[in-house]
Amino acid sequence: SFVRGLVELSNTALKQRVNIKLDVALDALRSSARTSAATNPQVLLARGRVEREVGSPDSAVAAFARYLQGDGPRPIGELELARTRLWLGDRAAAAGYYTAAASDDSAVVAIIRNDLFPIVADTLLADYDSRRGIYRAAWLRQFWGSRDDLSMGSAGDRLAEHYRRWFYARRNFALVTVSRHYDIAERYKSGSKDFDDRGIIYVRHGEPSARVSFSGSGQR
């Protein structure tokens, strides 16, 4: 029951958009390190995700690595570890990303698809959806390899940069609701349930060359 409570608390906190209780979940997860629940695969996966969400990628890496030492499903652990290490700029983590992508684990397939959504056209996403197993991994290798070539970078540069941008946008440009309503005059509709328009542009193009900010009540 303690394990179930920790996992449900963590998943609820990760899904919240307003009045987020990540600190409560993190405190509970860290306290569980002194209990038998600490080695439970579900708890370790939840802890890695919460640690990453609060901006502690090194702790997240440790939790995901420990998860992989247990008997939980490997593909999801490999993917979450790879995503976090790529965020930290570790290009060697691409190997784990492609290994996980070659599985037909439904959670892995869905996460990768969602990660691609801001930068991939619908037709390419349909192509991704049609692939299975090693052919899905091969499709991703070609996709990211072509972007390395376009940016004249080294192998793995664009994939690592994507996750740096992704997790930056998660912390700075996340939508506060998944039920975004567009004004009838808005011609651009990203369709993202993760980021506002600033986040979409950031994930696509990276750091801006200049920033403009405004503060004030808006009252005359």
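Here's a quick rundown of the structure. (Residues numbered from 1 in each chain as written. Predicted model: local features only at pLDDT ≥ 70, side-chain atom pairs only at ≥ 80, totals over all residues. Heavy atoms only, no water.)

1. Considering unusual backbone geometry
Right, on to step 1. Of note in this structure, Met 152 is not a glycine but carries a positive phi near 55°.
Right, on to step 2. Position of Met 152 relative to the elements: it lies in the loop between helix H9 (133-150) and helix H10 (157-172). (Helix = DSSP H or I, 4+ residues; strand = E, 2+ residues; numbered from the N terminus.)

2. A few points about the side chain of Thr 84
Right, on to step 1. Tracing the backbone through its elements, the reader meets Thr 84 in helix H5 (residues 74-87).
Right, on to step 2. In this structure the side chain of Thr 84 is engaged in a polar contact, spanning 2.7 Å, whose partner is the backbone oxygen of Glu 80.
Right, on to step 3. Apart from the residues within four sequence positions on either side, Thr 84 is in contact with Arg 52, Pro 57, Ala 60, Val 61 and Phe 64. (Polar contact = N/O pair within 3.5 Å; in protein donor to acceptor, adjacent residues only side chain to side chain. Contact = heavy atoms within 4.5 Å.)

3. What about the nonpolar core?
Right, on to step 1. Within the largest apolar cluster, 44 residues are counted, with the highest numbers of intra-cluster contacts made by Tyr 97, Ile 112, Leu 116, Leu 140, Trp 144 and Leu 159.
Right, on to step 2. Not counting residues within four places of it along the chain, the set of residues in contact with Leu 140 comprises Tyr 97, Tyr 98, Ala 101, Ile 112, Leu 116 and Tyr 128.
Right, on to step 3. If you look at the next biggest cluster of nonpolar residues, it comprises 11 residues, including Leu 22, Leu 26, Leu 29 and Ala 37. (Core = buried A, V, L, I, M, F, W, Y, C linked by side-chain atoms within 4.5 Å. Buried < 20%, exposed > 50% of the residue type's maximum accessible area, 1.4 Å probe, protein only.)

4. Regarding the packing of helix H3 (residues 41-53) against helix H4 (residues 57-67)
Right, on to step 1. Remark: H3 packs on H4, axes separated minimally by 7 Å, with the N-to-C direction vectors making an angle of 165°. As the angle between them shows, H3 and H4 are arranged roughly antiparallel. You can see that H3 and H4 cross each other, and the crossing is left-handed. Where H3 approaches H4, its residues Pro 41, Leu 44, Leu 45, Arg 47, Gly 48, Arg 49, Glu 51 and Arg 52 are matched on the opposing element by Pro 57, Ser 59, Ala 60, Ala 63, Phe 64, Arg 66 and Tyr 67. (Axes fitted to C-alpha atoms, helices over the stretch in contact; angles between N-to-C directions. Parallel < 35°, antiparallel > 145°, perpendicular 65-115°, else oblique. Left-handed = near helix turned anticlockwise from the far one by under 90°.)

5. With respect to the environment of Gln 16
Right, on to step 1. With respect to the helices, strands and loops of the structure, Gln 16 is situated in the loop between helix H1 (2-15) and helix H2 (22-31).
Right, on to step 2. In this structure the C-alpha to C-alpha distance between Gln 16 and Val 176, which are 160 residues apart in sequence, comes to 8.5 Å.

6. Here's the deal with the packing of aromatic side chains
Right, on to step 1. Per the stated rule, a full pass over the model turns up 11 aromatic pairs.
Right, on to step 2. Here the aromatic rings of Trp 87 and Phe 167 are separated by 5.0 Å at their centres, their planes lie at 35°, and the arrangement is tilted. Of the two residues, Trp 87 sits in helix H5 while Phe 167 sits in helix H10, which places them 80 residues apart along the sequence. With respect to burial, Trp 87 and Phe 167 carry one shared label: buried.
Right, on to step 3. Residue placement shows Arg 147 over the ring face of Phe 143; its charged tip is 3.7 Å from the ring centre. (Phe/Tyr/Trp six-rings, centres within 6.5 Å; stacked < 30°, edge-to-face > 60°. Lys NZ or Arg CZ within 6 Å of the ring centre and 35° of its normal.)

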